[in-house]
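Fold and geometry: a report
Listed here are the chains, written in short residue letters.
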Amino acid sequence: MTMSRQGVQPTEVIDRAVKLRFRWNGKRFSGFEGDTIASALAAAGEQIFSRSMKYHRPRGILTADYWDPNLMVQVGDDPNVRAGHRLLESGMDVRSQNVWPSLNRDIKAANRYLGRFLTAGFYYKTFMRPQWLWPTYERVLATFAPGGKVDLDTPHAYHDKRYTHPDVVVAGAGPAGIEAALAASNAGASVLLVSHEHQVGGHLRYSSDAADQAALAELRSTLGASDIEVLTDSTVTGRYEDNWLGIVQRNHPIAVERLIKARAKTLVVAPGLIERPYVFEGNDRPGVITPGAARRLINLWGVKPGERAVVFGANAEADAVVGDLERVGTEIAAVIDGRTAARISSTAGSSRAVEAVMVDGAQGPQRIEADVLVVAAGWTAPTSLLNMAGDRPVYDPAAARFFPSDPPSNVLATGGLAGDGDLDGLRRHGAATGRLAAARAAAVRHRLQASTARALPVDGDEPAWAPDERAPLGRDPHPELYRADTHGMVDMSEDISSKDLVAAAHEGYDSVELAKRYTTATMGPSQGKLETVNTVAAIAEARGETISQVGTTVWRPPYAPLTLGALAGRMFEPVRVSSIHPWHEANNVSIIQAGQWLRPDHYGDPAAEVRNVRRNVGLIDVTPLGKLDLRGPDVPKLLSLLYVNKWMKLGVGRVRYGMMCAEDGVVLDDGVTGRLGEDHYMMSTTSSGAGGVWEWVENWLQTERPDWQVHVTPVTTAYASINVAGPKSRELMSRVCEGVDLDAEAFPYMTVREATVAGVAGCFMWRIGFTGELSFELHVPAGHGLHVWEALMDSGCDLGVASFGLEAQRIMRLEKGHFIVGQDTDGLTLGPSTGMGSLIKLDKDDFAGKPELAWAADRSLPMVVAIQPDDPDVVPEEAAQIVRGDTNEILGRITSSRYSPTLNRSICLGQVEPDLAAGGTKVTVLLESGERIGATVIDHHAHFDPAGERLRG
Amino acid sequence: MLLVTCPNCGPRNSTDLRYGGESHARPDPNTASRSEWRAYLYLRDNPAGWLRENWYCASGCRRWFSIERNTATNEFRDPPLPGDKRGGAA
């Protein structure tokens, strides 16, 4: 087969005035603007584009479009590019894949002589034993893996995402799809028309028929004048619940790819039909092509497919291709009509080209010299989007293809997928489908708007669901041409022959879903678009059944493969910072991300920060601390319901610690709540629990106690929160506070006061402390946070004030033995395990988790305890196991560990079995290194100042 | 992706809401047996068909509501008033 560029064709899409130079396996080539990589190479006489996956057989053009399994190439650092679809660009560096050392001389082609060993399940059977050799097998097999090379240094490319809500999405822009889009648009619907190809027009694009071309021109001009949004080189890759569609756009001007998420009110599925290859001996020899390939090569790119052709076919497509071939001077050696008993049985020639076709016709076996064989065996209906909508297409043996069965009423099929007809018939069906889609979309739109309480009122009643009154398309009879009396390739991507499938069926893999997985047929880059029905036919034949009986595989998303980049899209992960953040950034902060928050971890030396807080005074930005403003007469009842302890008698100005458990008794959150006024409370939650607790509160109020008068407002970010901690904190606060008596008698531990701080009114502060020092937790209207922070810093220079970060706070809370929910507790830690069992008041009438906590009270539970390693210099890893002696029996684990700069020793919290919880118990900790160390459970959670004298000061 | 109709905010992507699971009444914590309480915690009917379930309009009005969904077809019916989470569904 020698292909060559011909004179100008009236239908061609190339611009011969624009020459593009590129490289193919290092050699210089040129093509024209509008060429695909494959058409440019074919025009230059190239016949071999790739080597097959297993046997490394030379492969040439088969379909010359997106689905062509033989045209996968590497372009620069971009692997697995479809040369049948990707447009040629100037300067492209195109290389063949899966070849070594070169496309023309491939050593692994020796595999083909091993063909009878490389049958179905070869890898499964051969490389199972001995198991210890698997790593070696894997390394060797990996070098045989097909596909391009991923360059790990490839710069990140920009991918984009878009959301859209059109009334009607039309998938497929052939004549039926365009008519559907136009009719829907004329009926007032907003329409998105998606074309898989670079130009709209479907099969009309490569038809040389004058009437077809006139129709195409008319459709394009009407479409251009409409307000329909047209996406070319884009694919509807998936249809999900309620017509949620994934669309990948490959020709976006800026982004490499853009993933469009569309919520369509109705979806029109019009992908046309895909030509199905025929299975016979030598059907993968370069030179065997589909009629579509021949017509595209001739009419779109002016490329003559060969010098002498045999055409085998059973439909009008075969008839049409004869005229096109003759026009460009390809001699027609023979036309074999598949509607008669005549068949082709094999091709002959070298591994690189067809030289003759063996025909079994009326005159008996016959050899016909030819360099190209065009095979029109019928079509595959790409029903993928219908499958994804829940439809199970039905096989019609008289038409030799699958048809839609009963898709949901907001998904409508048209075009070749729905049936056969002449061009006018397809256009009429398309237009009727578009009108129906628009009418149903209008009903959906009415319902969506009417069911939105705050949307503008909708005029009139909801339109009735339009009945489907389309005149159905006919079905042209077609012989069932799947396999000749010889065996050949079924799946060219995966090198699976009909023999492999028969063997698989005989081995018991005789359901199509099993055979597919066992042989990997249909699992290659063509995603079954070419292979599925031939696979089913091979299985049916092996089982002696019909295709209907065997059924087909379920097509799942994506319709066409898409890149991980397109799926990942553009990163959009907002972060939160406090109003004090600029100060941190200007002061050598090391940031840690906690959920969405960026928080100061430390400012250089966390141990020094700890010592400064214990000696002088420190400031920490604790803005992410969850804060819920609670107002109303029933707040105490709410607190009693959500916390395990009692709240009915908390006085104004008082603060109390509380623990929350879920209904299963597991610790959910903890924090303090203060009573700011008669009916006004402020609840604090853990930073990570802020969102969840708010939802929890709303759930109880809205669903269990809707009669209670409580109003909840989340104010986490309305206040900047600063903890002022250390023995000199009162002195520092006295320099900036007005309107509050800071004296220990007037403002004791666990109370709350409102004050003006550094001139900022409306601040409140409570005397609590996670650090164990005298401390004031100050909450400042957020806009003034930075000002108050700076005022504190400026006022306390002589006191040694310094900032401290989360790490220092974590060390100090561990010194004090305060547990952190989610760190020292887990999803099974019941309330009493925290050592706070005495908080749980089972005599309350009701509270969340009460029954479980009541039953837990009778059981011995794992306990959170403070642990000190015997060697003060060893800090066990967090999550290190506590084991029994020299065994691996797990008795607990270290949940928090740090080196304490205050005590100059390692300190831990851990969870241990109940019988290890008593102070003085010796335990064994198994380190990650495998070393076992001794440690001792201590009497209190607090390693430091167990009496709490410092914080009450 | 499922469209879920919030009584306040109208139809929204299900990712805008939090799924609260099957609606079920909370037993009296003072009289419930262990098996009753644990059925409330862990046991769900999970029918193929109509099911009353709870949703929280997390990215919208932040109201809990209950609605009936056909788990076989994903049809919804009769969105009640917000907060009516467990009403009539026990």
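Every value quoted in this text rests on a predicted model; they were computed, and no experiment measured them.

Helix and strand counts for chain A come out as 23 helices and 51 strands. Since a compact globule built from 953 residues should have a radius of gyration of about 30 Å, the 37 Å found for chain A marks it as more spread out than a globular shape. When its C-alpha atoms are laid out on the principal axes, chain A stretches across 115 × 75 × 55 Å. For chain A, buried positions account for 50% of its 953 residues. In chain A, the share of contacts with a sequence separation of at least 24, taken over all contacts with a separation of at least 6, comes to 67%.

Another point: the sheet that holds strand β4 (residues 50-56) of chain B. All names here are of chain B. Ordered by their spatial adjacency, 4 strands build an open sheet running β3-β4-β5-β6, and the pairing between neighbours is antiparallel. On the outer flanks of this sheet lie β3 (18-22) and β6 (76-77), each paired with one strand and no other. Both β4 and strand β5 (residues 64-70) contribute to a ladder of 7 bridges, which runs antiparallel. Bridging across to β5, W50 finds its partner in N70.

Turning next to the interface of chain B and chain A. Across the boundary between the two partners, chain B contributes 24 residues, which contact 23 residues of chain A. Contributions of two or more residues to the side of chain B that touches chain A are made by β1 (3-6), β2 (10-13) and α1 (34-42) of chain B. The biggest single contributor to the side of chain B that touches chain A is α1(B), with 3 residues.

What follows concerns helix α12 (residues 532-543) of chain A. All names here are of chain A. Counted at 1.5 Å a residue, the expected span for α12 with its 12 residues is 16 Å, and the 17 Å between its end C-alpha atoms agrees. Where burial is concerned, most of α12 is hidden: 9 out of the 12 residues are buried. Among the residues making up α12, those that are buried are T532, V533, N534, T535, V536, A537, A538, I539 and A540. Backbone geometry just after α12 places G544 at a positive phi near 70°.

Residues and elements named next belong to chain A. Where helix α10 (residues 498-506) meets α12, the closest approach of the two axes is 9 Å, and the angle between their N-to-C directions is 50°. As summarised for this structure, α10 and α12 are arranged oblique, according to the angle between their axes. The chirality of how α10 crosses α12 is right-handed. For the pair formed by α10 and α12, the contact residues are S498, L501, V502, A505 and H506 on the first element and T535, A538, I539, A542 and R543 on the second. Across the contact of α10 with α12, the residue classes tally to 6 nonpolar, 3 polar and 1 charged.

Quick look at the nonpolar core now. Residues and elements named next belong to chain A. Within the largest apolar cluster, 152 residues are counted, with the highest numbers of intra-cluster contacts made by V168, V170 and V269. The leading source of residues in this core is helix α9 (residues 423-450), at 8 residues. The contacts of V269, once residues within four sequence positions are left out, are A171, G172, L385, L386, V411, L412, A413 and L417. In terms of nonpolar packing, the next biggest core, distinct from the first, is built from 60 residues, V617, I620, L732 and A935 among them.

The subject of this paragraph is the domain arrangement of chain A. All names here are of chain A. Each domain of chain A was delimited in the assignment, giving domain 1 (4-113), domain 2 (160-273 + 384-450), domain 3 (275-378), domain 4 (482-567), domain 5 (608-813) and domain 6 (860-945). Centre-to-centre, using C-alpha coordinates, domain 3 lies 24 Å away from domain 4. Between domain 3 and domain 4, the contact holds 13 residues from the first and 14 residues from the second. Each residue belonging to the side of domain 3 that touches domain 4 can be placed in one class, and the counts come to 5 nonpolar, 4 polar and 4 charged.

Definitions and limits used
Residues numbered from 1 in each chain as written. Chains lettered and ligands numbered in written order. Predicted model: local features only at pLDDT ≥ 70, side-chain atom pairs only at ≥ 80, totals over all residues. Helix = DSSP H or I, 4+ residues; strand = E, 2+ residues; numbered from the N terminus. Rg over C-alpha atoms; globule rule 2.2 N^0.38 Å. Buried ≥ 20, exposed ≤ 12 C-beta atoms within 10 Å, placed from the backbone. Contact = placed C-beta atoms within 7 Å. Pairing = 2+ DSSP bridges. Expected span 1.5 Å × (residues − 1). Axes fitted to C-alpha atoms, helices over the stretch in contact; angles between N-to-C directions. Parallel < 35°, antiparallel > 145°, perpendicular 65-115°, else oblique. Left-handed = near helix turned anticlockwise from the far one by under 90°. Nonpolar A, V, L, I, M, F, W, Y, C, P; charged D, E, K, R; others polar. Core = buried A, V, L, I, M, F, W, Y, C linked by C-beta atoms within 7 Å. Domains from an automatic or database assignment.

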